[in-house]
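Listed here are the chains, written in short residue letters.
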Amino acid sequence: MKYRTLRLILWRLLMALPILFGVIVVTFVLIRALPGDPAIAYASGPSMDQEDIEAIRRAMGLDKSVFQQFLIYLSNIAHLNFGTSMITGQPVLQDFAERLPATIELAIVAFAMSLIVALPVGVLAAVYRDSWIDQLSRVITSISAAMPGFFFGLILIFIFYFVLSLAPEPIGRLSGWTIAPPTVTGFMTIDAALIGDWEVVREAIVKMLMPAASMAIFAVAPLMRMMRGGMIDALDSDYIKAARAYGVPGWKILLQYALPNAMLPVLATMGMVLSTMLGANIMIEKLFAWPGIGSYSVNALIGVDYAPVQAFVLIVAVLFVLMTLAIDILSAAIDPRYKLKG
Amino acid sequence: MTGSLLLYHLRRNTATALAAVIIVGLFLVALLGPALVPYDPLATEMQNVLAPPSAAHWFGTDQLGRDIFSRVIVATRLDFAIAVAAVAISALAGITVGAMSGYVGGWFDGVMSRVVDVMMAFPLFVAAMALVAVFGNSVQSVVLATSIINFPFYFRLARIEAAARREIGYVEAAIINGNSTGSVIFRFLLPNSLPPVIVQISLNLGWAILNTSGLAFIGLGVAPPTPEWGIMIQEGASMMMSGEWWTVLFPGLALVLSVFCFSLLGDGLRDIADPRRRS
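What you are looking at is a predicted structure, and each value in this text was computed from that prediction instead of being measured. Along each chain, residues carry numbers from 1 onward, in the same order as the chain's sequence is written. As a convention, the first chain written is A and the first ligand written is 1, with the rest following in written order. At least 70 in pLDDT is required for a residue's local features to be given in this predicted model, at least 80 for side-chain atom pairs to be given and counted, and no such filter applies to totals for whole chains, interfaces and linings, which use all residues. Based on all heavy atoms of the structure, the side-chain values leave hydrogens and waters out of the count.

### A look at the overall build of chain A
Here is the rule: Strands here mean DSSP runs of E at least two residues long; helices mean DSSP runs of H or I at least four residues long; both are numbered from the N terminus. Here the term buried applies to any residue with accessible area under 20% of the maximum for its type, exposed to any over 50%, and partly exposed to those in between, with areas from a 1.4 Å probe on protein chains only. Contacts are assigned to residue pairs with any non-hydrogen atoms lying within 4.5 Å of each other.
Within chain A one finds 14 helices and zero strands. The helix and strand sequence of chain A, counted from the amino end, reads α-α-α-α-α-α-α-α-α-α-α-α-α-α. The principal-axis extent of the C-alpha atoms belonging to chain A is close to 85 × 55 × 40 Å. Expressed as a percentage of its 342 residues, the buried residues of chain A come to 47%. Put simply, of all contacts in chain A between residues at least 6 apart along the chain, 71% involve residues at least 24 apart.

This is the structure:
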């Protein structure tokens, strides 16, 4: 990589720092702004009197100035200390570590599904413009843009679970009477494969299909739109015309010349989609009782247990920023014309 | 753009025109809703629970024997009111601050742009969820949260428009003529930035409705027994597994229809406002 590109990347990294700092400030303000006194909420035992509450307040650092509290918050984050959940009684970090693999596993399957549907149809719609497949891509895009994932998921449940009895019960990662494999990676499919239990691998995959499809539905519209648009731009450009004039075979023009150039705008959308799937899948996790970080956090929110909520918002936002950064840098590495933002 | 030209475009683009007509119809339903429905949307009828659609109950009844047709119709007003209020607030605030930021520039622009960058770092739905928790679990909180998460879109739009137009002849002429900064922004810059803003508003109304029902679906914002599409879908979720499809299908279709029409209208208006970006 050239010196100039490297400098641009460093500059871009530097520009992300104030945003990350802003995110930390916002989550700090968030927990201060939440209704209720955390010390009183924490000390919700019958034997607690005013003195105990004061002691807890001191222990939580609530008697110090806001600035000092912020420094404590910073140091806690640096030590990956996100506090303790009142509902589970465990450190939030541990709760997250237990649930994150379930979220990631589902997000990967959903992401793959949305790509498998969106990209080929997007390419074909651009190549055969105004044909039936282009019309089909319009219909799919419109449906995907207006269809809430939780409604789509319920339609799937009705058709495949109730009417056709093809799908397993839409609750959790495995059925109640299946013995889960010992946790190694936390990914149900990999853990089951590690002990050679292919029956459980199959079950875990089948259990993921409906929630993943519900999660994938929203992503199809932006991905397909970008793929189609990028491909049309690429096919209309001069180098493609030149390649055609030289008599390069059509499939080669498509796959070797047009597609890589058309992928650049799609890449940015892919980053947005993947980080949304990792963080904003709360409704789907709740609908399918999926034991991931989304359903954990919303249950914490409803149960007025704020430490997990704060950690969730922080982690998801940081993930969002880093993903944008990674896509930006990747785009610059692929395409020399690409200008880094910032 | 004059009215007759808009009509010309709408006539040429049937899908957009149809979406516009349906949206007008939905607004009428929102206005007249409670007067139109055959039943009280909150009245329960315990000897007639989970009845499938029939002549008496067009969309069937729910787990408490409430008439789903009446509930779907009455819910339109709440969902539309929340969306319209939220989008109005975010559009007004975003456009004003954004235009100032783009026109004035300097440290004000620097600070506001960084603030908006930080706001955009949060996934929309997660931000909405956290804000509703901060403001308290109520309808007003949903309006406020939705307007805050949509603010950056209007800010950026107005900022770019204002910054780009600052150097254009007619704005310079207005400045030389002695117009105050406020007058330049509101009388000369903003009216010319309107087309992209109108597109954004149409798209945002759809998102706002989705957002409201999504929040209600996970138990935030609007609370039962208020008729609201997200709540109805949530309450019907377990019935879907036992086959009472009408509890979910009708509120879901109402939701999809509204969002679909707003996004169709937005796309159509974008083609009219900016023919170069036609999709």
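### A closer look at the overall build of chain B
Spelled out, the test is: To be clear on the numbers: accessible area is Shrake-Rupley with a 1.4 Å probe, and residue cover counts the displayed protein chains and nothing else. Only four residue types enter the tally: Lys and Arg on the positive side, Asp and Glu on the negative side, with His and both chain ends excluded. Where a charge lies is defined by one atom per residue type, namely NZ (Lys), CZ (Arg), CG (Asp) and CD (Glu).
Looking only at helices and strands, chain B features ten helices and zero strands. Element order for chain B, N to C, with α for helix and β for strand: α-α-α-α-α-α-α-α-α-α. Within the span of chain B, comprising 279 residues, buried residues form 51% of the whole. When contacts within chain B are restricted to residue pairs at least 6 apart in sequence, long-range pairs at least 24 apart make up 70% of them. Counting every atom, chain B has about 12100 Å² of accessible surface; 69% of that belongs to carbon and sulfur. Averaging the positions of the 15 positive and the 16 negative side-chain charges in chain B gives two centres separated by 13 Å.

### Some points on the environment of Asn192(B)
Residue and element names in this part refer to chain B. Tracing the sequence through the fold places Asn192 in helix α8 (residues 181–217). Put simply, Asn192 and Glu161 are 31 residues apart on the chain and 8.5 Å apart in space, counted from C-alpha to C-alpha. Beyond its immediate stretch of four places on either side in the chain, Asn192 contacts Glu161, Arg165 and Tyr170.

### With respect to the pattern of salt bridges
The cut-off we apply is this: A pair is scored as a salt bridge if a Lys or Arg side-chain nitrogen falls within 4 Å of a carboxyl oxygen belonging to Asp or Glu.
Within the structure shown, the criterion is met by 14 salt bridges over all chains. Its salt-bridge partner being Arg99(A), residue Glu98(A) comes within 3.9 Å of it at the nearest N-O pair. You can call Glu98(A) partly exposed: its relative accessible area is 46%. A salt bridge links Glu235(B) to Arg66(B); its shortest N-O distance comes to 3.2 Å. Here Glu235(B) is found in helix α9 (residues 229–242), whereas its partner Arg66(B) is found in the loop between α2 (14–36) and α3 (68–104), with 169 residues between them in sequence. We note that Glu235(B), like Arg66(B), is buried. One continuous salt-bridge network, built from bridges that share partners, spans Asp62(B), Arg66(B), Arg71(B) and Glu235(B).

### With respect to the interface of chain A and chain B
To keep things clear, this is the line we draw: What gets called buried area is simply the loss in accessible area from a 1.4 Å probe that two parts show on being joined, summed for both. What qualifies as a polar contact is a pair of N or O atoms within 3.5 Å, subject to a donor-acceptor requirement within protein and to the restriction that residues adjacent in sequence count only when both atoms come from side chains. Any residue that is not Ala, Val, Leu, Ile, Met, Phe, Trp, Tyr, Cys, Pro, Asp, Glu, Lys or Arg is counted as polar, Gly included; the first ten are nonpolar and the last four charged.
Of the residues lining the interface, 41 residues belong to chain A; the matching set on chain B comes to 36 residues. Across the interface of chain A and chain B, roughly 3400 Å² is buried in total on both sides, 86% from carbon and sulfur atoms. A per-residue breakdown of the area chain A buries against chain B is headed by Phe150(A), Phe151(A) and Leu154(A), which together make up 16% of the total. A salt bridge links Arg225(A) to Asp267(B); the shortest N-O distance between them is 3.4 Å. Between the two partners, chain A and chain B, sit one residue pair in polar contact (both at pLDDT 80 or more). For the side of chain A that touches chain B, a count of residues per class yields 34 nonpolar, four polar and three charged.

### Comments concerning the UniProt feature "transmembrane region" (unreviewed entry) in chain A
Residues and elements named next belong to chain A. The following threshold applies: UniProt positions are given in the numbering used here, feature names are shortened, and annotations may be inferred rather than shown by experiment.
Following the UniProt record, one finds the feature "transmembrane region" (unreviewed entry) at residues 9–31, 106–127, 139–164, 204–224, 262–284 and 311–334. The span residues 204–224 is 100% helix and 0% strand, and its two end C-alpha atoms sit 28 Å from each other. With 100% helix and 0% strand, the stretch residues 311–334 has end C-alpha atoms that lie 34 Å from each other.

### A short note on helix α4 (residues 106–120) of chain B
What counts, and what does not: To estimate the expected span of a helix, count its residues, drop one, and scale the result by 1.5 Å.
Between its terminal C-alpha atoms α4(B) stretches 21 Å, which fits the 21 Å expected from 15 residues at 1.5 Å a residue. What α4(B) keeps buried is the set Asp109(B), Met112(B), Ser113(B), Val116(B) and Val118(B).

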